[in-house]
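What follows is each chain in one-letter form.
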Amino acid sequence: MRILGIETSCDETGIAIIEANRENKKREFKILSDLVFSQVKIHKKWGGVVPGLAKREHQKILIPLLKQSLENPGLLIKEKTVANKKQMAMIKKILSRDEILLKKIFPFLFFYKKPAIDYIAVTQGPGLEPALWTGINLAKVLSFFWKIPIIPINHIESHIFINFLKTDLKKLKMPAISLVVSGGHTQLILMNKIFNYKIIGDARDDAAGECFDKTGRLLGIDYPAGPIISKLSQKGNSDFFAFPRPMINSPSLDFSFSGLKTAVLYFLKDKKPVFIKKHKKDICAAIQKAIVDVLVSKTLKAAKKYQAKTIILGGGVASNDLLRKEMKKSFAKNFKDARLITTKPKLNTDNGLMVAITAFFRLKYKKDGKNNFKKINAIADLKI
Ligand code: KG4
Ligand code: ZN
């Protein structure tokens, strides 16, 4: 069984192909390809992701990326194919709002053979609606033309499942708590069994990644500021200034980071540029520490409250070095009962592999996957 995963929820175009692997007990599947094309350079100028531009860029890159993903494992085979009138009409209808993709899809569909793929998994949401639609519409065309079932995937769930590359889900100890921290989300999610989710903590305003990006912008750091703040912080003093840790002592498991952003704004307001320049690394370290302190403290609080046996980190911010270190340290010291699961830092940011893997496990345990492509829509605020 082979699964193609497509991710276009934000500003990374991700395509991956995995293959169920019966021989290897350690890993239930093989990764045949895993490609990500980042649009960061385009959005940088605007200080954040521009949905219309994201839509355009996804349309431009999806087909070249798909071709390369198929080519690597030898699944791209030249063969002329013709479409009948009805098929042409349907393809045009599906891509009626994706002109660029429509132009690119014909030379691909009609010059290559249907590849040996059994399922097409695609991110359905949450995410930027125009961006989500490009991946979904590509998946719809492929599903229709090649007669391959589609599996719509929740983006938050896939940020959790990317951690299970080498995990036997049957052995995962429950309850589990996932902290999903990205540019759009800061959520604590309780799992009493797999595929059973309850959001126990959520962002009341800015997400953690957004806080990194917005405070970074105040310091003149390009979007996305998270990884740059993380790097600069390595040589900074996190005790340089005590920025607020919003809601850290509240019994609620919710998060609020907009106050921290405002505190940074006021801190910088009366400082001279030379001072800011001199202490940029220290300010970064102090901001990062404030965000990480809140995330670690709330996750620990949640783990204790629900007696969690497993803690899972996901989302772009989960690639933050300090967050990973502090989480490990704090749990080893304060709550040894829980096992912390993380994946490689680079797999925490958006990619196609997370989509394919989630589909693999959904197929294995839930037996879903018989979806009609006509019924799949982008859902910008889809909940887990
Ligand atoms: O999951 P993701 O790739 O996209 C969304 O679903 O939003 O997360 C992107 C976010 C950005 O806000 C980015 O600044 C942040 O993750 N990020 C980081 C790091 N790497 C990415 N934040 C802090 N430290 C990092 N190393
Ligand atoms: Zn994401």
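Residues numbered from 1 in each chain as written. Chains lettered and ligands numbered in written order. Predicted model: local features only at pLDDT ≥ 70, side-chain atom pairs only at ≥ 80, totals over all residues. Heavy atoms only, no water.

## Digging into helix α12 (residues 321-334)
Point 1. For α12, spanning 14 residues, the distance from its first C-alpha to its last is 20 Å, which sits close to the expected 20 Å at 1.5 Å a residue.
Point 2. Those residues of α12 lying buried are Leu 323, Arg 324, Glu 326, Met 327, Ser 330 and Phe 331.
Point 3. Residues of α12 that are buried in the fold lie against β6 (176-181), α11 (280-306), β9 (310-314) and β10 (339-341).
Point 4. In this structure Asn 320 caps α12, since a side-chain oxygen of it lies 3.0 Å from the backbone nitrogen of Leu 322. (Helix = DSSP H or I, 4+ residues; strand = E, 2+ residues; numbered from the N terminus. Expected span 1.5 Å × (residues − 1). Buried < 20%, exposed > 50% of the residue type's maximum accessible area, 1.4 Å probe, protein only. Contact = heavy atoms within 4.5 Å. Polar contact = N/O pair within 3.5 Å; in protein donor to acceptor, adjacent residues only side chain to side chain.)

## Section: the pairing of strand β2 (residues 12-20)
Point 1. With 8 of 9 residues buried, β2 lies mostly within the body of the structure.
Point 2. Alignment of strand β1 (residues 2-7) against β2, held across 6 bridges, turns out to be antiparallel. Within the sheet, the bridge partner assigned to Leu 4 lies in β2 and is Ile 17.
Point 3. Hairpin connection between β1 and β2: a loop of 4 residues separates the two successive antiparallel strands.
Point 4. As judged from the 9 bridges shared by β2 and strand β3 (residues 29-38), these two strands associate in the antiparallel manner. For Ile 17, the partnering residue across the bridge sits in β3 and is Ser 33. (Pairing = 2+ DSSP bridges.)

## Some words on the site of ligand 1
Point 1. Inspection of the region around ligand 1 gives 20 residues, with His 159, Gly 183, Asp 213, Gly 316 and Asn 320 positioned closest.
Point 2. In the environment of ligand 1, an oxygen atom lies 3.1 Å from a nitrogen or oxygen atom belonging to the side chain of His 159.
Point 3. Within the contact set of ligand 1, an oxygen atom lies 2.9 Å away from a backbone nitrogen or oxygen of Gly 183.
Point 4. Grouping the amino acids of the shell around ligand 1 by side-chain chemistry returns 4 nonpolar, 14 polar and 2 charged. (Near = heavy atom within 4 Å. Nonpolar A, V, L, I, M, F, W, Y, C, P; charged D, E, K, R; others polar.)

## Here we look at the coordination of the zinc ion (ligand 2)
Point 1. All of the protein donors around the zinc ion (ligand 2) are His 155 (NE2), His 159 (NE2) and Asp 350 (OD); their distances to the metal are 2.1 Å.
Point 2. Along the chain, the residues donating to the zinc ion (ligand 2) are arranged with the sequence spacing H-x3-H-x190-D. With His 155 in helix α6 (residues 155-161) and Asp 350 in the loop between β10 and α13 (353-366), the pair connects residues that are 195 residues apart, well separated along the chain. Across this residue pair, the class does not change: His 155 and Asp 350 are buried. (Donors = N, O, S within 2.8 Å, 3.2 Å for Na, K, Ca; no water.)

## Quick word on the sheet that holds β6
Pairing between the strands of a sheet is mediated by backbone hydrogen bonds and can be parallel or antiparallel.
Point 1. Here we have 5 strands laid out as an open sheet, ordered β8-β7-β6-β9-β10, and mixed in their pairing. Looking at which strands have only one partner, the edges of the open sheet turn out to be β8 (196-201) and β10. For this sheet, the mean angle separating the axes of adjacent strands, direction not counted, is 25 degrees.
Point 2. Relative to strand β7 (residues 186-193), β6 runs antiparallel, the two sharing 6 bridges. Considered in β7, the bridge of Val 180 is made with Gln 187.
Point 3. Packing of α11 onto the sheet brings it into contact with β6, β7, β8 and β9, and relative to β6 it is tilted by some 160 degrees. (Axes fitted to C-alpha atoms, helices over the stretch in contact; angles between N-to-C directions.)

## A word on the domain arrangement of the protein
Point 1. For the protein, the domain assignment lists domain 1 (2-159 + 348-375) and domain 2 (171-342).
Point 2. On the side of domain 2, 18 residues touch domain 1, which itself brings 17 residues to the contact.
Point 3. Of the roughly 1400 Å² buried between domain 1 and domain 2 on both sides combined, carbon and sulfur atoms contribute 67%.
Point 4. Inspection of the region where domain 1 meets domain 2 yields 0 salt bridges.
Point 5. One can count 4 residue pairs in polar contact (both at pLDDT 80 or more) joining domain 1 with domain 2. (Domains from an automatic or database assignment. Buried area = accessible area lost by both parts, 1.4 Å probe. Salt bridge = Lys/Arg side-chain N within 4 Å of Asp/Glu carboxyl O.)

## A short note on α13
Point 1. Helix length check: α13, at 14 residues, gives a terminal C-alpha distance of 19 Å against a target of 20 Å (1.5 Å per residue), a fit within 8%.
Point 2. Of all the residues in α13, the buried ones are Leu 353, Met 354, Val 355, Ala 356, Ile 357, Thr 358, Ala 359, Phe 360, Phe 361, Arg 362 and Leu 363.
Point 3. For α13, the elements touching its buried residues are β1, β2, β3, β4 (119-125), β5 (150-154) and α6.

## As for the packing of aromatic side chains
Point 1. In total, this model carries 18 aromatic pairs according to the counting rule given.
Point 2. Centroid distance Phe 29 to Phe 360: 5.1 Å. Interplanar angle 65 degrees. Geometry classified as edge-to-face. Taken together, the residues span a long stretch of sequence, with Phe 29 in strand β3 and Phe 360 in helix α13 at a distance of 331 residues. As far as the burial class goes, Phe 29 and Phe 360 line up, both buried.
Point 3. A network of ring pairs unites the aromatic residues Phe 29, Phe 161, Phe 164, Phe 195, Phe 360, Phe 361 and Tyr 365 as a single cluster.
Point 4. Geometry around Phe 267 places Lys 271 over its ring, the cationic atom sitting 4.1 Å from the centre. (Phe/Tyr/Trp six-rings, centres within 6.5 Å; stacked < 30°, edge-to-face > 60°. Lys NZ or Arg CZ within 6 Å of the ring centre and 35° of its normal.)

## Observations regarding the nonpolar core
Point 1. Phe 243, Phe 257, Ile 291 and Leu 295 are the most contacted members of the largest nonpolar core, which has 45 residues in total.
Point 2. Counting only elements with at least two residues in this core, the list comes to β6, β7, α7 (208-218), α8 (225-233), α9 (258-269), α11, β9 and α12.
Point 3. Other than its neighbours up to four places away in sequence, Leu 295 contacts Leu 179, Val 181, Thr 186, Ala 208, Phe 255, Phe 257, Val 317, Leu 323 and Met 327. (Core = buried A, V, L, I, M, F, W, Y, C linked by side-chain atoms within 4.5 Å.)

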